[in-house]
Amino acid sequence: MKAKKLIEVAMPIKEISAESVRDKSIRHGHISTLHLWWARRPLPVCRAVVFASLVPDPLDENCPQAFKDAVATLLKGSQYKPYDDIPYTSAIDEMDDNLRHRLMMFIGRFSDKCQKNMIAGKATSPAEQLSAGSLIKWENKNNEAVLNIARKLIWVAYHSEHDPHLNYERLSYLFDKAYQDIKEAEKALYDIQDRHKMTPEVQQAEKRLHNAIDALQQRMPSVFDPFAGGGAIPLEAARLGCRSYGNDINPVAHIIERGSAEFPQKHGKPIRYTEAEFRRIYGKEGVDMLGEKGFAFFDGVVEIPNRLAWDVEFYAKRILRESEKEVGWMYPTDENGNKPVAYYWVRTAKCSNPSCGAEVPLLRSFYLCKTSRKKVYLNPIIKGSEIQFEIKQGDCNIKEWNHRGNLTCPCCGNITEVEKVKEQSKKNRLPERLVAIISESNNGKVYSIPNDEVFNKIQSFQLGKDCFKPSEKMPIDYIQAFPSCTWGYDSWGDLFSDRQLTVLNTLSNKLSSLFDTDEFDNYKNVIKTYMAILIDKQTDYYNSFCTWDSSRETDSHVFSRQAISMVFDYPEANLFSYSTGCFNNMIDWVVRYLNSESASPFSCEFRNASSGEKTQFESKELTAVVTDPPYYDAIGYADCSDFFYVWLKHILGDIYPIVFSTPKTPKSDECTALIHYHGTQEKAKHHFESKLTQIFDAIEEQTSDVVSIMFAHQSTEAWTTLCNSILNARMNITGSWPMDTELANRSVGLQGAALESSVTVSCRPSQRQGFAEYKEVKRAIEKNVKEEVNKLYDLGFRGADLLTACFGQAVSEFGKYEVVEKSNGDRVMVAELLELSREAAFNALLEGVQGDDFTKFYLGWLQLNGMSSTNYDDVTKFTRVGLPIDVREVFSQGLLVKEPSGNKQHLATAAEHLEGDHIAGTRDTDLLIDQAHRAILFYKDENRPALLKLLRDINAQDANASFWRLLASLKELLPACDDLKQVQGLLQNGEDLRQASRQNEQPTTTQTTIEF
Ligand SMILES: C[S@@+](CC[C@H](N)C(=O)[O-])C[C@H]1O[C@@H](n2cnc3c(N)ncnc32)[C@H](O)[C@@H]1O
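Nothing here was measured: the structure is a model prediction, and the numbers come from that model. (Residues numbered from 1 in each chain as written. Predicted model: local features only at pLDDT ≥ 70, side-chain atom pairs only at ≥ 80, totals over all residues. Heavy atoms only, no water.)

Caption draft 1: Quick peek at the overall build of the protein chain. Regarding its fold elements, the protein chain presents 36 helices and 27 strands. With the principal axes as the frame, the protein chain shows a C-alpha extent of 105 × 95 × 55 Å. Counting only residues that meet the buried cut, the protein chain has 60% of its 1012 residues in that class. With an accessible surface of roughly 41400 Å², the protein chain has 47% of that area assigned to carbon and sulfur atoms. On the protein chain, the mean spot of the 119 positive side-chain charges and the mean spot of the 140 negative ones are 2 Å from each other. (Helix = DSSP H or I, 4+ residues; strand = E, 2+ residues; numbered from the N terminus. Buried < 20%, exposed > 50% of the residue type's maximum accessible area, 1.4 Å probe, protein only. Areas by Shrake-Rupley, 256 points an atom, 1.4 Å probe, with all protein chains shown as cover. Lys, Arg positive; Asp, Glu negative; His and termini not counted. Charge placed at Lys NZ, Arg CZ, Asp CG, Glu CD.)

Structural data, given as C-alpha cells:
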C-alpha cells in the first residue's frame, strides 16, 4: 500500500496564505503582468499544492525509507526547524520536531522576526514574513539551491515509491548527475559563438541539451492541469522539474500559457554574438541598445544574457519607432515640444428638448484631478446651447449632468431619460468630444483645453478604408458582464476610437514586415507571438472604455473586472509617450517577465483543447493532477477573452492557423454555468456538472495518484456541482485545505482579519463501501466538521470561508458509500449534505451557547464576521444555516444595520440595536441579546438602579444564569470597542452586582454618578 501524500495529511496553510496574499501585490516580473487572464491563482499556493501532491507524508507507515532519509538529510538544521512556539495560536505550544513538520517548514516557515511579531501581536512587512529557505517564497523562484531540494525530494519520492529498495544516497547521486548533465549541456551550447546560425555544431549541442533535460524529466512525475488558464499551475510544476502538461479550451489562454511557461524557459537563454554578426543583424539600433543596457563587446564578442528578452525588446521598439514615424503626427506635441500623455474624451447626447437640442457631454464628474494636494476640474461655460470648458483649480460644486445615464441639460434644465439617451446611442453611437489634453511636467500632470487647431485635427480624424476593425459581435445577452452592449456598442471594434484603431493597425502591419528573411527560422514566430501579446496587452489600456482615476491621475485598463461597463468619459493614452498606458510601458512589463522567468531549464507542454479526452493520456500515465476549474458562473472566460481573441487572430492567425480557426473563442464546450448560453439556471448547472464530470472521469482513469482541485466559489450550488462531479467520476475527497489568497495588505498577527479563501481538495479514486444509513453518516460528519471548525477557527479563518472549508469533510465521509439513505428510504443528495455541513460547522461554533435563535445569530455572526461590514448576500447565506429565522426579521430586530450604500451591513452595537429603547426592566418580547445590550447601556450610563432592576427582572442573580454566560461569550468575541469595555466592566463587577440585586437594593430617584 502506498503512503498518503502530504496534501492528504497536513499543509502549512497559514504560511501559504501569507505568501499568497503577498503574491497579489507583486508586480515586476510576475506572471500576471505578461498578459491579463482572469482568476489567476497565486504562485505560492500552486507551488505548495503541486509539491505536497507529489511527496508522501514522512510519518505514514508506508512512507519509503529513502524518502524519510531524504527529508532528514536535506531538511536538517535550524533553517527548517519546526516552531518552538507556534506563533499563530494563543497557547504556548511547541511543534514536534518530526519529519512531517520539517517538510511543512520547507514549504513555508514564518521567519524568526515574523514569529516574534506575531506572538507580540505586531505586523511584519509582507516580504519578511516567510524565512529565506521557504520553497514558496517569491525570492526563491529561481533559487537553484532551494528548488533542487524540492526537485530532489520529488525525485526520491517518485523513485522510491516504485522501487522501495532504492536508497537515498543512490537516488541523490542519480539526481545530481542528471542535473549536472543539463548544466554541462547548457554551458556547451551557450558558449558557442553565433549559435543562432544552425550549424551542425549548434544542432548537436541543442540535441545534447534537449536529451539531458528529457532524461531528467522522464524520471520525474508528470503533472497535468486540465484548466490551465494563465498557466500558473503548469509553470510551478515545471519549475519543480516535473513533466508538466496543461490544457485550455481558450486560444487566448493557450497563447498566454506558451508565452509564460514554454518560450521563456526554452529561448530565454544567453547568446554570444561576434561583433560582425551582431552588427549585421541589429545594426546601429542594436549597438545603441547595447550601450543603454550596459553591454559591450569584449575581444570582438558580446554576450546577451537573455536572447529572448533582448529580441522582444529590440523588435518591439523597432515597431514602435516605425509606427511613430507613420502615425505619430496624430498625437502632436505641445508648444514646448512635450508629448501629451493622454487625451480626455466625453461621449455626448442631444438634449431631448426640441427648442434646446444642446449636444451635452455626459459628465458624471467634472474633476480631472482630485487628490488631497491638488484639485483640477472642467468648468463649463454655457452660451445658449453651446457648451465650452475651461480648466479651473479648486473645489467643484457643479452637479453632475449625467445621473445613471439620465441627462440633465445644463442649458435648459430638461431631463432626457436614460432610455432616450440609449436610443440615441443605439442609433448612431454617442458622438465623442475631446475636452482636455493631459501632459506631464516636472510638477506632475498638467491639464489644458485643446486649441482650435489641435481640436479640429483630432476631432475630425476618420478611420482609413483598409483599417482592420474587429466586426465580431459581443455577447449581447450577457448583460451582467457587458452592459455596454445595451447601449449599442455591441461589436468588439466598437470599443475603440478611429484613432486607436489606426494606431493598432499600424503596429500590427509593422509586425508583418518585421522579418523579411528566413534569419531566425521558427524562433521568429516566437518573437512575433510576443509582439502580438504586446499589442493585445496594449488594447486593454487603449480603448474607449478605459477609465480615468482622478484620485491617482492615471488611466485604468478596461478589464479591471471581468466585465465591460458603459463608460461616458475616457482617457485615450498617447501610446507614443512614456506614461502608464504607453507602448514602452507594455514592453517593459513583458521584458521584465521574460528576464524573471527564463532561468529554469524546464518548460511545459500546452494543448489548446477542451479537456476530458480519454485518449490524451494512457491509463494511469499521469502521476498527479493539480487544477483550478472555472468557478461555476463567476467568469465568462470565452466571452471576455473575445476582446483579445479578435486581435490575436488578426495578428497570429497565419502562424497558429488551427488555434485561431474559429471566428471567436469556442463557447459550447466551456465548462461554466452561464445562463445566457443555456437558457435556464437548471440547464446551466447541468452543463457545468456534466462537463466537469466528463473531465474528472477522464482524469480518474489517467492519474495514478492524487488529484488536487482548487475552488474559490462559496455558493452551495457551485460546491454541489463540484462535489457531484468528483463523486460521479468515482473519486472521493481525501483532504481539504482553505487558503487565504485574496486579500492584500492584511497584516499577519494573532488577530488576523477575516480571510477570503479558496479551498483546495485532494481526491483519489475511491472504493465505495455500498450502503450507509444517513444518521450514521450524519453523526460522523458532525464529529469531523466540529474538529475541523475548531482547528480552522484557531488558525484565523472566519466568515463564509470557514463554513465552506468544512464541505470537504462532509463529502469525504459521504463519498465512502455508494448510497446513503434516510430511514424512509430517500437517498441523500450532495446539496443536502453541504447544508448539513454548514449547519454542523455553525453549531460547532455556537457550542455551549444557549438562548433564543436571534441571540445565537448575533453570536454566530460575531464569530464569523466580527463587527465589520459584509455584503448583503452574506445574510442570506448565513440565515440558511440551521437557524429558523428570516433575513427580514434580523433587520427588523435591529441586529444588523444596513449601511448607506444599501448593499452592505454590519452587526449592531448595543446602542445601534436598542436605539432610544433602553428603558429599565424587561419586556415580554425581550431576547437574551436585548437584555445584554440593555445592561451594557445602563452600565455605560452609570445607571446602577436600572441595572440592578434589570438583573432582578431577568433572574440574573446567579453567576450561572444565561445572561452572564452570554456576557462571557461577548467578552471573548467582541473586537476592541466600546461595547467590549462595558462588558469587561460588567463582568469585573459581576459579583457585586449580583449581590446587590439579590439584596433588593432600592433604586435611587435622582440619577447620580455611581462608582461601580
Ligand atoms: C479558473 S481558470 C484557471 C486559472 C488558472 N489556474 C490560472 O492561474 O491562471 C479556469 C480555466 O478553465 C478553462 N476552461 C473552461 N472550460 C474548459 C474545458 N472544457 N477544457 C479546458 N479548459 C477549460 C477556462 O478557459 C479558464 O482558463
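Caption draft 2: Quick peek at the environment of Val567. Mapped onto the elements of the fold, Val567 is located in the loop between strand 16 (554–556) and strand 17 (569–573). Put simply, Val567 and Val146 are 421 residues apart on the chain and 48 Å apart in space, counted from C-alpha to C-alpha.

Caption draft 3: Representation of the pairing of strand 14 (residues 444–448). Where strand 13 (residues 432–441) lies against strand 14, 5 bridges are found, and the strand directions are antiparallel. Looking across to strand 14, one finds that Ser441 is bridged to Gly444. Hairpin connection, strand 13 to strand 14: the antiparallel pair is bridged by 2 residues. (Pairing = 2+ DSSP bridges.)

Caption draft 4: Structural context of unusual backbone geometry. Positive phi outside glycine occurs at Asp194, with the angle close to 55°. Relative to the elements of secondary structure, Asp194 occurs in the loop between helix 8 (168–190) and helix 9 (200–217). Residues other than glycine seldom take positive phi values, yet Arg730 does so here, at roughly 65°.

Caption draft 5: Region of interest: the site of the ligand. Around the ligand, the structure places 25 residues, and the nearest of them are Arg41, Gly230, Asp248, Asp628 and Cys671. In the model, an oxygen atom of the ligand is placed 2.7 Å from a nitrogen or oxygen of the Gly230 main chain. One of the side-chain nitrogen or oxygen atoms of Asp628 is found 2.8 Å away from a nitrogen atom of the ligand. Burial of the ligand by the protein chains amounts to 100% of its free accessible area of 600 Å². Residue classes in the shell around the ligand are distributed as 13 nonpolar, 6 polar and 6 charged. (Near = heavy atom within 4 Å. Polar contact = N/O pair within 3.5 Å; in protein donor to acceptor, adjacent residues only side chain to side chain. Nonpolar A, V, L, I, M, F, W, Y, C, P; charged D, E, K, R; others polar.)

Caption draft 6: View of the sheet that holds strand 7 (residues 367–370). On the basis of which strands lie adjacent, the open sheet formed by 3 strands has the order 7-8-9 and antiparallel pairing. The open sheet is flanked by strand 7 and strand 9 (386–393), the only strands paired with a single partner. Strand-to-strand twist across the sheet, computed as the mean angle between neighbouring axes with direction ignored, equals 25°. (Axes fitted to C-alpha atoms, helices over the stretch in contact; angles between N-to-C directions.)

Caption draft 7: Spotlight on the side chain of His35. Residue placement: His35 occurs in the loop between helix 1 (13–23) and helix 2 (43–54). Among the polar contacts listed, one links the side chain of His35 to the side chain of Asp536, at a separation of 2.7 Å. Among all residues touching His35, those that are not within four sequence positions of it are Arg40, Val252, Ile256, Ile533, Asp536, Lys537 and Phe644. (Contact = heavy atoms within 4.5 Å.)

Caption draft 8: Inspection of the pattern of salt bridges at higher detail. Following the criterion strictly, the structure yields 67 salt bridges and no others. The partner of Lys667 in a salt bridge is Asp642, with the nearest N and O atoms 2.7 Å apart. Of the two residues, Lys667 sits in the loop between helix 20 (637–652) and helix 21 (675–678) while Asp642 sits in helix 20, which places them 25 residues apart along the sequence. On the basis of relative accessible area, Asp642 is assigned to the buried category, the value being 1%. Within the structure, one salt-bridge network assembled from shared partners comprises Lys2, Lys5, Glu8, Glu161, Asp705 and Arg764. (Salt bridge = Lys/Arg side-chain N within 4 Å of Asp/Glu carboxyl O.)

Caption draft 9: Spotlight on the packing of aromatic side chains. The full count for this structure, using the stated rule, is 50 aromatic pairs. On the numbers, 5.6 Å between centres and 70° between planes, the contact of Phe51 with Phe106 is edge-to-face. In this pair, Phe51 sits in helix 2 while Phe106 sits in helix 4 (residues 99–107), placing the two residues 55 residues apart along the sequence. For the residue pair Phe51 and Phe106, the accessibility class agrees, reading buried in each case. Seen in terms of ring centroids, Phe559 and Phe644 are 5.8 Å apart; in terms of plane orientation they differ by 45°. Their pairing is tilted. Note that Phe559 is positioned in the loop between strand 16 and strand 17 and Phe644 in helix 20, a separation of 85 residues in sequence. Grouping residues by exposure puts Phe559 and Phe644 together as buried. Here the aromatic residues Trp37, Trp38, Phe468, Tyr478, Phe482, Trp492, Phe496, Phe559, Tyr637, Phe643, Phe644 and Trp647 are joined through ring pairs into a cluster of three or more. The ring of Phe545 carries the charged tip of Arg347 above its face, separated from the ring centre by 4.5 Å. The ring of Tyr331 has Arg499 sitting right over it, with the charged end atom 4.2 Å from the ring centre. (Phe/Tyr/Trp six-rings, centres within 6.5 Å; stacked < 30°, edge-to-face > 60°. Lys NZ or Arg CZ within 6 Å of the ring centre and 35° of its normal.)

Caption draft 10: Representation of the sheet that holds strand 27 (residues 904–907). Taken together, the 3 strands give an open sheet; going across it, the order is 25-27-26, and neighbouring strands pair in antiparallel fashion. The sheet is open, and its two edges are formed by strand 25 (870–871) and strand 26 (896–898), each paired on a single side. Against the sheet, helix 28 (residues 853–865) touches strand 25, strand 26 and strand 27, its axis set at about 110° to strand 27.

Caption draft 11: Geometry of the packing of helix 7 (residues 144–162) against helix 8. It is the contact of helix 7 with helix 8, at a shortest axis distance of 10 Å, that shows an interaxial angle of 125°. By the angle between their axes, helix 7 is oblique relative to helix 8. For the pair helix 7 and helix 8, the crossing hand works out as right-handed. Here Glu144, Asn148, Arg151, Lys152, Trp155, Val156, His159 and Ser160 of helix 7 come into contact with helix 8, specifically with Tyr168, Leu171, Ser172, Leu174, Phe175, Asp176, Ala178, Tyr179 and Lys183. Of the residues belonging to the contact of helix 7 with helix 8, the class tally is 8 nonpolar, 4 polar and 5 charged. (Parallel < 35°, antiparallel > 145°, perpendicular 65-115°, else oblique. Left-handed = near helix turned anticlockwise from the far one by under 90°.)

Caption draft 12: Examining the pairing of strand 13 more closely. The buried fraction of strand 13 amounts to 7 of the 10 residues, a majority that puts the element mostly inside the structure. Bridge count for strand 5 (residues 342–350) against strand 13 is 6 bridges, and the pairing is antiparallel. Within strand 13, the residue paired with Arg347 across the bridge is Glu432.

Caption draft 13: Structural context of the environment of Gly29. Tracing the backbone through its elements, the reader meets Gly29 in the loop between helix 1 and helix 2. Expressed as a C-alpha distance, the spacing of Gly29 and Tyr593, which sit 564 residues apart in the sequence, is 4.0 Å. Residue contacts for Gly29: discarding those within four places in its chain leaves Trp138, Lys141, Arg592, Tyr593 and Ser596.

Caption draft 14: Helix 1, seen in detail. Counting buried positions along helix 1 gives 11 out of 11 residues, so the element sits mostly inside the fold. Listed as buried for helix 1 are Ile13, Lys14, Glu15, Ile16, Ser17, Ala18, Glu19, Ser20, Val21, Arg22 and Asp23. Residues of helix 1 that are buried sit in contact with helix 2, helix 4, helix 6 (126–129), strand 21 (731–740) and helix 24 (774–794).

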